[in-house]
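Breakdown of the fold
Listed below are the residues making up each chain.
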Amino acid sequence: MLEQLLIFTRGGLILWTCKEIGNALKGSPIDTLIRSCLLEERSGDVSFNYDAHGAAYTLKWTFHNDLGLVFVAVYQRILHLLYVDDLLSLVKQSFAEIYDPKRMAYDDFDETFRQLRKEAESRAEELRKTKQVGKPLGNVKKQGQVSKSGLEGGNKRISESGGSKKDDGDGNKAKVGNLTNGHSNGNHQMEDDSQTSDLANGKENTTDNVALDLSKLQKLRSKGVRGRGGIRKADSIGNKGSKVTAAEPAKKATKKNRVWDDAAPKQEKLDFTDSVDENGNNDHVDIVAADQGESMMDKEEVFSSDSESEDDDEPGSDEKPEAKKKGWFSSVFQSITGKANLERTDLEPALKALKERLMTKNVAEEIAGKLCESVEASLEGKKLASFTRISSTVQGAMEDALVRILTPRRSIDILRDVHAAKEQRRPYVVVFVGVNGVGKSTNLAKVAYWLLQHNVSVMMAACDTFRSGAVEQLRTHARRLQIPIFEKGYEKDPAVVAKEAIQEATRNGSDVVLVDTAGRMQDNEPLMRALSKLINLNNPDLVLFVGEALVGNDAVDQLSKFNQKLSDLSPTGNRSLIDGILLTKFDTIDDKVGAALSMVYISGAPVMFVGCGQSYTDLKKLNVKSIVKTLLK
């Protein structure tokens, strides 16, 4: 049974709800749909599942983009209603005819909805009956055909065998003997007939049914077997691929001549290091200063949109001038007059090109497809303005969607949160998690250096008690930064070490505790349980996922499984998920910045830090406009 159907504008104004249904929904499925799906550019999905205490709903929706209306239907997930999609389409069509932007109430639409609902239910019932009636007829017909062919195959096999059949308890050998003699004595028993009759009678050519003598088979293959059409190779008994090899024998592979070390060509020089003098001095080595200066987190990144637009125009004009010229001539009249409504066929070419462009920028294929589906859902049925091309309209919609996704929905000001925790007389705890080798310890030191520049006292907690050298690495960073470190050595429980470190920071008055954890793959169940125990026991203020900017599709798998494991292993009512993302090795990817989009889209967590070098100052914020321009370039 349908639980609810409502119509509202994109601004959030509810225009009409079905009073006839009147069921009180448990929880807030509509708000969750808007917050988790529509605003997150996931409107291209087919449906949305909402779980509440004592109820499980499925929500389906459709848009009227030209009028800016949203139609949502809610029903119990267990029912699997077949008429919901048809009903939404009928309601959208009927409501668009009476919609007036100045009108606020639509009480007269109740009777129309009642008729539309009956029509949709009757269509679904007729479709279900036709499917049930159609299935048995098809099966009976197929069975009749098989039985008929079986009878024909059986009669044909009996007539060809000459009416004689041995039944002395060893029927398989008798059949093999007849088959072998049939070929050697010139009997015309074709392979296709035997295969057809065997299949029709439900038999298969297994090793027990056809036990050919290998020695005789080899002789038959080497000699020709004479039939009606002349000499025929005996390979027809075997697979059909042997006929091709017999007709066209493969060329014999020639052995390459051996090249000895003395005759080998000289390789080019592979050592590109700078030359040094006799004393081992190198004039090109830069001396690192003790104070590395101001962190890049506090520097405003200058972004020029004019330069980006100039760069965008140049490659486009050089790549496909003919296609551009052809597109201009074909759409010049449409650009002047405007198009009535955008259809899916109009959007597909531009969206396909946009998806390929996003994938070349290292965006995961699944994410790129969902983004294009969301943009298509937001533009379908919308009127194209005059002097506007479809490609520019699609790109503008995608740019708005990317800005909405990458812009944080909550405050990511860590310094403000640190001062708030300080007023409560407790340390601010940050836990760094991620897979192996992404740079958790190095970027933890960068964050510590940035906090020290803002007069925040920091303590490190060496909770990577698994990897050899992890404690020594963190100890080296702490000595260079002149900050305290809490360590207990190796083979200790990381959760207990982190708890004791927080207690020590509380006694010493440290403002922030940076917890380093061991790298682990997302599929390693024991290590994921240990990480979940550390987070649930210490309840940190911020869980940072450290990921490489080099990964593409793997970013989706890593973040989704980390979030899923942390959610499944956390106690009821205290779900701990990834709060933020720290992207490392951002200076090595050139324009392949798609990993940032993939990670934010799949987790909903913002990118809080970006590592762009090997020194302590190489840590900066994510420039959303620059990322979006690079993705669409």
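Because the structure is predicted, anything quoted here is derived from the model rather than measured. (Residues numbered from 1 in each chain as written. Predicted model: local features only at pLDDT ≥ 70, side-chain atom pairs only at ≥ 80, totals over all residues. Heavy atoms only, no water.)

1. Brief notes about the UniProt feature "domain: SRP54-type proteins GTP-binding" (unreviewed entry) in the protein
- UniProt tags residues 606-619 as "domain: SRP54-type proteins GTP-binding" (unreviewed entry).
- Annotated as 0% helix and 43% strand, the span residues 606-619 places its first and last C-alpha atoms 16 Å apart. (UniProt positions renumbered as here; feature names shortened; annotations may be inferred. Helix = DSSP H or I, 4+ residues; strand = E, 2+ residues; numbered from the N terminus.)

2. Section: the pattern of salt bridges
- One pass over the full model with this rule turns up 26 salt bridges.
- In this structure, Arg128 engages Glu125 in a salt bridge whose closest nitrogen and oxygen atoms are separated by 2.3 Å. Of this pair, Arg128 and Glu125 are both found in helix 3 (residues 109-160), three residues apart, which corresponds to roughly one turn of the helix.
- The partly exposed category is assigned to Arg128, whose relative accessible area is 36%.
- Given a relative accessible area of 33%, Glu125 falls into the partly exposed group.
- Members of the salt-bridge network, linked through shared partners, are Asp86, Glu119 and Arg123. (Salt bridge = Lys/Arg side-chain N within 4 Å of Asp/Glu carboxyl O. Buried < 20%, exposed > 50% of the residue type's maximum accessible area, 1.4 Å probe, protein only.)

3. Considering the sheet that holds strand 13 (residues 580-584)
- Here we have eight strands laid out as an open sheet, ordered 10-9-11-8-12-13-14-15, and mixed in their pairing. In the strand order of this sheet, the two ends are held by strand 10 (485-486) and strand 15 (619-620), each with one partner.
- Pairing geometry for strand 9 (residues 458-462) and strand 10, over two bridges, is parallel. Paired with Met460 across the two strands is Ile485, which belongs to strand 10.
- Packed onto the sheet, helix 15 (residues 470-481) meets strand 9, strand 10 and strand 11 (512-516) and runs at close to 165° relative to strand 9.
- Contacts between helix 19 (residues 594-603) and the sheet are confined to strand 12 (542-548), strand 13 and strand 14 (607-611), with strand 13 contributing the most and set at about 165° to the helix. (Pairing = 2+ DSSP bridges. Contact = heavy atoms within 4.5 Å. Axes fitted to C-alpha atoms, helices over the stretch in contact; angles between N-to-C directions.)

4. Looking at the sheet that holds strand 1 (residues 2-9)
- Pairing in this open sheet of five strands is antiparallel, and the strands run 2-1-5-4-3 from one edge to the other. Every other strand in the sheet has two partners, leaving strand 2 (14-17) and strand 3 (48-52) as the edge strands with one partner each. Ignoring which end each strand starts from, the neighbouring axes of this sheet average 25° apart.
- Examined bridge by bridge, strand 3 and strand 4 (residues 55-64) share five bridges and lie antiparallel to one another. Counted as the bridge partner of Phe48 is Leu59 from strand 4.

5. Remarks on helix 12 (residues 390-406)
- Along its 17 residues, helix 12 runs 24 Å from first to last C-alpha, staying within 8% of the 24 Å computed at 1.5 Å per residue.
- Buried within helix 12 we find Ile390, Val394, Ala397, Met398, Ala401, Leu402, Ile405 and Leu406. Each buried residue of helix 12 lies within a common arc of 160° when the element is viewed along its axis, so the set occupies one face. (Expected span 1.5 Å × (residues − 1). Arc of directions from axis to C-beta.)

6. Focus: a nonpolar patch on the surface
- Side chains of Met1, Ile78 and Leu79 sit close together on the surface and give an oily, nonpolar patch of about 330 Å² of accessible area.
- Along the chain, the position of Ile78 falls in the loop between strand 5 (69-76) and helix 2 (84-98). (Patch = residues over 30% accessible without salt bridge, like charges linked within 9 Å, V, L, I, M, F, W, Y side chains within 5 Å. Areas by Shrake-Rupley, 256 points an atom, 1.4 Å probe, with all protein chains shown as cover.)

7. Things to note about helix 18 (residues 553-569)
- Here helix 18 spans 25 Å end to end across 17 residues, near enough to the 24 Å set by a 1.5 Å rise per residue.
- Looking only at helix 18, the buried set comprises Ala555, Val556, Gln558, Leu559, Phe562, Asn563, Leu566 and Ser567.
- Here the buried face of helix 18 lies against helix 11 (365-379), strand 8 (428-433), helix 17 (525-538), strand 12, strand 13 and helix 19.

8. Overview of the packing of helix 14 (residues 440-453) against helix 15
- Remark: helix 14 packs on helix 15, axes separated minimally by 10 Å, with the N-to-C direction vectors making an angle of 20°. Between helix 14 and helix 15, the interaxial angle falls into the category roughly parallel. Relative to helix 15, the crossing made by helix 14 is right-handed. Residues Ser441, Thr442, Leu444, Ala445, Ala448, Tyr449 and Leu452 of helix 14 touch helix 15, and the partners they reach there are Gln473, Leu474, His477 and Leu481. (Parallel < 35°, antiparallel > 145°, perpendicular 65-115°, else oblique. Left-handed = near helix turned anticlockwise from the far one by under 90°.)

9. Overview of the side chain of Asn443
- Within the fold, Asn443 resides in helix 14.
- Among the residues examined, Asn443 registers a relative accessible area of 4% and is labelled buried.
- Here Asn443 is in contact with Val438, Leu582, Thr584, Gly611 and Leu619, once residues within four sequence places are set aside.

10. As for unusual backbone geometry
- We note that Arg425 has phi near 60°; this positive angle belongs to a residue other than glycine.
- Mapping Arg425 onto the fold places it in the loop between helix 13 (414-423) and strand 8.
- In this model, Asn539 sits at a positive phi of 50°, which is unusual for a non-glycine residue.
- Position of Asn539 relative to the elements: it lies in the loop between helix 17 and strand 12.
- Residue classification places Asn539 among the exposed positions, given a relative accessible area of 51%.

11. Details of the environment of Ser468
- Structurally, Ser468 can be placed in the loop between strand 9 and helix 15.
- The exposure class of Ser468 is exposed, given its relative accessible area of 68%.
- With 22 residues separating them along the chain, Ser468 and Tyr490 place their C-alpha atoms 8.3 Å apart.

12. Regarding the packing of aromatic side chains
- Counted under the stated rule, the structure contains ten aromatic pairs.
- Ring geometry for Phe71 against Phe95: centres 6.2 Å apart, planes inclined by 80°, an arrangement best described as edge-to-face. Residue Phe71 is located in strand 5, and its partner Phe95 is located in helix 2; the two are separated by 24 residues in the primary sequence. For the pair Phe71 and Phe95, a shared accessibility class is recorded, and that class is buried.
- Ring centres of Phe95 and Tyr99 lie 6.3 Å apart, and the angle between their planes is 35°; on these two criteria the pair is classed as tilted.
- Here Phe95 falls in the buried class, since its relative accessible area comes to 0%.
- Grouped by ring-pair contacts, the aromatic residues Trp16, Phe71, Phe95, Tyr99, Tyr106, Phe109 and Phe113 constitute a single cluster.
- When the ring centre of Phe63 is taken as origin, the NZ or CZ atom of Arg10, which lies over that ring, is 4.7 Å away. (Phe/Tyr/Trp six-rings, centres within 6.5 Å; stacked < 30°, edge-to-face > 60°. Lys NZ or Arg CZ within 6 Å of the ring centre and 35° of its normal.)

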